[in-house]
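A look at the structure
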Amino acid sequence: MSNTIKLSLLSVALLSQLNAEATIKLEPLTITSTAIKTDELKSTDAVEVYTQEDIEKAHVQNVYEFLNKSTSVFTTSAYGNPFTQKIDMRGYGAGDGYQNIVVTINGRKMNNVDMVPQLLASISPSTIKKIEIIKSSGIVVAGDGANAGVINIITKQSNDKEVSFYMGSYGLMDGSFYLGHHDDKLSINLSGEAQKSDGIRDIDTGGTDENSFQTGAFNLAYTPIEELELRLGASLTRTDVIYAGPMTQEEFYSDPTQQGSVDYGFGSSPTTSTHQKYDSNVISAGASYYVNDELSLNIDISNEKKKSDYVTYSSVTDHDYNQLTATLDYTTQIFSIKTGINAFDGDLDRTDLALNKSNQAAFIMGEIHLSDVTLKAGFRSEEVKFEKKDADSKKDSLKGTELGANYLLSKNSSLFVNYSHSYQSASLDRLFSFFTGDFKGYVEPSQANNFNIGYNNIQANNKFKISLFYIDLQNEIYYNAFTYTNTNIDKSHKYGLDLYDKYLINKEFSIALSYNYVQAIIDTEVDNGADYSGNKLPGVSNHNAKATLNYQPIESTTISLTQIYRSEAYAANDFNNNFAQKQDAYYSTDISATYASKHWEVFAKVNNLFNHTNGIWIKDDAIYPVNYTTTAMAGLKLKY
């Protein structure tokens, strides 16, 4: 690390005079975007809740970085795109895990009809009020795709006014703003962010894998009368990415910044980069009518238009998504019920190719709140239709169920148990050829039976959570790279343990620890003569650990040290478990320092402090480097 970086960190740590330490207490956080509002101590699900303060203190470049460093979720840019990363939890794997997680932003589903991950770069960290992660549950409200669970992101409505910018190594620059007004009648906010990086890896033209994005959002909520709230929102995102190619293991170990010599044969030489522009425009509207203190009617609609332009290949794909959610909520101190409908219609258009995927669903969820017991039950019925316009069509009729119970052992601790039956339907590009549009063959929807049991203990100085899970799957969807077909694993299962502990040691020190153990086993699957029965699902690390030590020598200054570890795994395409090369273990040590006053703060951060070379193994000698060198950044935030 350069002397400049060291000096920057030291300066931030020493920028303040000693003053009184504020009292910090841990308490149960409210879960607002599950079917029924509750707090995490009384929840019947395995949940994680992260607040605006948690996100602000992390000083992350995007939502993916926060998920990867601070939660039980794992993210990776995989093929080099930092703005549409793959996400995974509960052992669904680095390859297709993201398709088993529903991600919502203020209730709007962000999942795609094709095999493109959710565009979380469209959400600036400075706009987020809360992130809620519901593991192995959430199918009743979230629907299709919630096998591993749901990630709900809620943006803030506040009077905050702030501007933030930072600069970092390899030409990294970022600027963002948030302007908000909130009173009894009107809530309005405007936000935006722009980021660019010169990239690190070499490409054919003598440049690097540079990337950039811009995003902006506007949200308004107006209460003309006490019983009625009207909502309106709009957002746009522009991304521009240069992809460098995969490399051999020898190239990876010798110099992970080179272009690499591996050619997948998509019409370009191995030394030619891929250039993609990916844009999104969203408009949304909604209303809530409060009949009385117990009964409310809510409706939200949205339209999203996306355009993916692979400039290198002159290949343009347009997406047009329409969503509708309408619910009727009834809540008393003893009983809560939510019933509603979801509708989704997604068009995918390319030259001479027009495909559509639509979902229609109805659901009902109820909770009974007794003195020490909470009981939950819910059901969802959903029809999914796949269609090549004026030609082939297929339908799936799917059912989802949730049952749960929570028992308060004391005012600080609880036990919970839950069961859910969830499902995930196929993406359009698994069923139809993107080159000819022809129907390739039916891929059954996956079905999962999820069992969870857990314990929560939340004290003033310690928050401890532990849960055990078992998932029994039929027809888990995967891509067989040897036969170039999308198909199903007949039967598989997963089991494991999630552990989280945040401990306030004293006024100066605190520690947060997250550990996940998972086994993902293929029970029965024979495909074109290859028998994968008894093998492990590739791309799944058995051990995943994250630990953060915070040191606050004075109220205004915080120094954080974070260690991330993921154990080795089989390469992403290694369903036979017999490749010569395995996925290396992942290591990253990060350090940050922040000095904050009432109206401004300065921060500095170093990622991958010990310069560990990390990568994603697709197969033998096909490796994509990720977080493979030391990077640093420093910035300033102004608050009013």
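Throughout what follows, the structure given in this document is the object of discussion. Quick caveat, the model's predicted, so the values are computed rather than measured.

How each quantity is defined
- Residues numbered from 1 in each chain as written.
- Predicted model: local features only at pLDDT ≥ 70, side-chain atom pairs only at ≥ 80, totals over all residues.
- Heavy atoms only, no water.
- Helix = DSSP H or I, 4+ residues; strand = E, 2+ residues; numbered from the N terminus.
- Rg over C-alpha atoms; globule rule 2.2 N^0.38 Å.
- Buried < 20%, exposed > 50% of the residue type's maximum accessible area, 1.4 Å probe, protein only.
- Contact = heavy atoms within 4.5 Å.
- Pairing = 2+ DSSP bridges.
- Patch = residues over 30% accessible without salt bridge, like charges linked within 9 Å, V, L, I, M, F, W, Y side chains within 5 Å.
- Areas by Shrake-Rupley, 256 points an atom, 1.4 Å probe, with all protein chains shown as cover.
- Salt bridge = Lys/Arg side-chain N within 4 Å of Asp/Glu carboxyl O.
- Lys, Arg positive; Asp, Glu negative; His and termini not counted.
- Charge placed at Lys NZ, Arg CZ, Asp CG, Glu CD.
- Polar contact = N/O pair within 3.5 Å; in protein donor to acceptor, adjacent residues only side chain to side chain.
- Core = buried A, V, L, I, M, F, W, Y, C linked by side-chain atoms within 4.5 Å.
- Phe/Tyr/Trp six-rings, centres within 6.5 Å; stacked < 30°, edge-to-face > 60°.
- Lys NZ or Arg CZ within 6 Å of the ring centre and 35° of its normal.
- Axes fitted to C-alpha atoms, helices over the stretch in contact; angles between N-to-C directions.

This next bit is on the overall build of the chain. When its secondary structure is counted, the chain shows 7 helices and 35 strands. Expected size for 640 residues packed as a compact globule is a radius of gyration near 26 Å; at 24 Å, the chain falls within 12% of this value. When the backbone C-alpha atoms are referred to their principal axes, the chain occupies close to 65 × 60 × 45 Å. A total of 640 residues make up the chain; the buried ones form 54% of that total. Excluding contacts between residues fewer than 6 apart, the proportion of contacts in the chain whose partners are at least 24 apart in sequence is 62%.

Our next topic: the pairing of strand β30 (residues 557–566). Sheet analysis places strand β29 (residues 543–554) next to β30, joined by 9 bridges and oriented antiparallel. Across the sheet, residue Ala545 finds its bridge partner in β30, namely Tyr565. Between β29 and β30, which follow one another and run antiparallel, lie 2 residues. Sheet topology note: the β30/strand β31 (residues 586–596) ladder contains 10 bridges and is antiparallel. Bridging from a neighbouring strand, Gln563 pairs with Thr589 of β31.

On to a negative patch on the surface. Together, Glu226, Glu227, Asp293 and Glu294 give the surface a local cluster of negative charge. In this structure, Glu226 sits in the loop between β13 (211–225) and β14 (228–243). Glu226 sits in the exposed class, given a relative accessible area of 72%.

What follows covers the side chain of Lys357. Along the chain, the position of Lys357 falls in strand β19 (residues 353–369). Among the polar contacts made by the side chain of Lys357, one reaches the side chain of Ser425 at a distance of 2.8 Å. Every residue in contact with Lys357, bar those within four places of it in the chain, is listed here: Val113, Asp144, Phe344, Asp345, Gly346, Val384, Lys385, Phe386, Ser425, Ala426 and Leu428.

This paragraph deals with the environment of Gly95. Within the secondary structure layout, Gly95 lies in helix α4 (residues 93–96). Spatially, the C-alpha atoms of Gly95 and Lys440 are 21 Å apart, while their sequence positions differ by 345 residues.

In terms of nonpolar packing, the biggest core is built from 40 residues, with Ile131, Ile151 and Ile153 touching the most fellow members. Those elements that provide at least two residues to this core are α3 (63–70), β6 (101–105), β8 (128–135), β9 (149–155), β24 (462–480), β25 (485–504) and β26 (509–524). Excluding its chain neighbours within four sequence positions, the residues that come into contact with Ile151 are Leu67, Val73, Ile87, Ile101, Val102, Val103, Thr104, Ile131, Glu132 and Ile133. Within the second largest apolar cluster, 24 residues are counted, among which are Val113, Phe363, Tyr423 and Ile477.

Moving on to the pairing of strand β10 (residues 161–168). Both β10 and strand β11 (residues 172–182) contribute to a ladder of 8 bridges, which runs antiparallel. Paired with Met167 across the two strands is Met173, which belongs to β11. From the end of β10 to the start of β11, which pair antiparallel, there are 3 residues, and Tyr170 there has a positive phi angle of about 60 degrees. Both β10 and strand β35 (residues 631–639) contribute to a ladder of 7 bridges, which runs antiparallel. Directly across from Met167, in β35, lies its bridge partner Ala634.

Positionally, Ser336 belongs in strand β18 (residues 335–350). Using a relative accessible area of 2% as the deciding quantity, one classes Ser336 as buried. Within the local environment of Ser336, its side chain forms a polar contact with the side chain of His369, the two groups lying 3.3 Å apart.

Attention now moves to the packing of aromatic side chains. This structure, assessed with the given rule, holds 16 aromatic pairs. Between Phe509 and Tyr551, the ring centres sit 4.7 Å apart and the planes meet at 25 degrees, which makes this aromatic pair stacked. Here Phe509 is found in strand β26, whereas its partner Tyr551 is found in strand β29, with 42 residues between them in sequence. Against the face of Tyr92 rests Lys494, its NZ or CZ located 4.7 Å from the ring centre.

On the basis of which strands lie adjacent, the open sheet formed by 5 strands has the order β3-β8-β9-β6-β7 and mixed pairing. The sheet terminates laterally at β3 (46–51) and β7 (108–109), the two strands that pair on one side only. Of the strand pairs in this sheet, β8 and β9 are connected by 7 bridges, and their pairing is antiparallel. Bridging across to β9, Lys135 finds its partner in Gly149. Lying on the sheet, α3 is in contact with β3, β8 and β9; it crosses β8 at an angle near 50 degrees.

Okay, α3 next. Of all 8 residues in α3, 7 are buried, a share of seventy percent or more. You can read the cap of α3 off the contacts: a side-chain oxygen lies 3.2 Å from the backbone nitrogen of Tyr64, and it is on Asn62.

In this section: the pattern of salt bridges. Taken as a whole and judged by the stated rule, the model has 28 salt bridges. With a closest N to O distance of 3.0 Å, Arg430 and Asp96 form a salt bridge. In this pair, Arg430 is assigned in helix α7 (residues 428–431) and Asp96 in helix α4, connecting sequence segments 334 residues apart. The same class applies to Arg430 and to Asp96, which are both buried.

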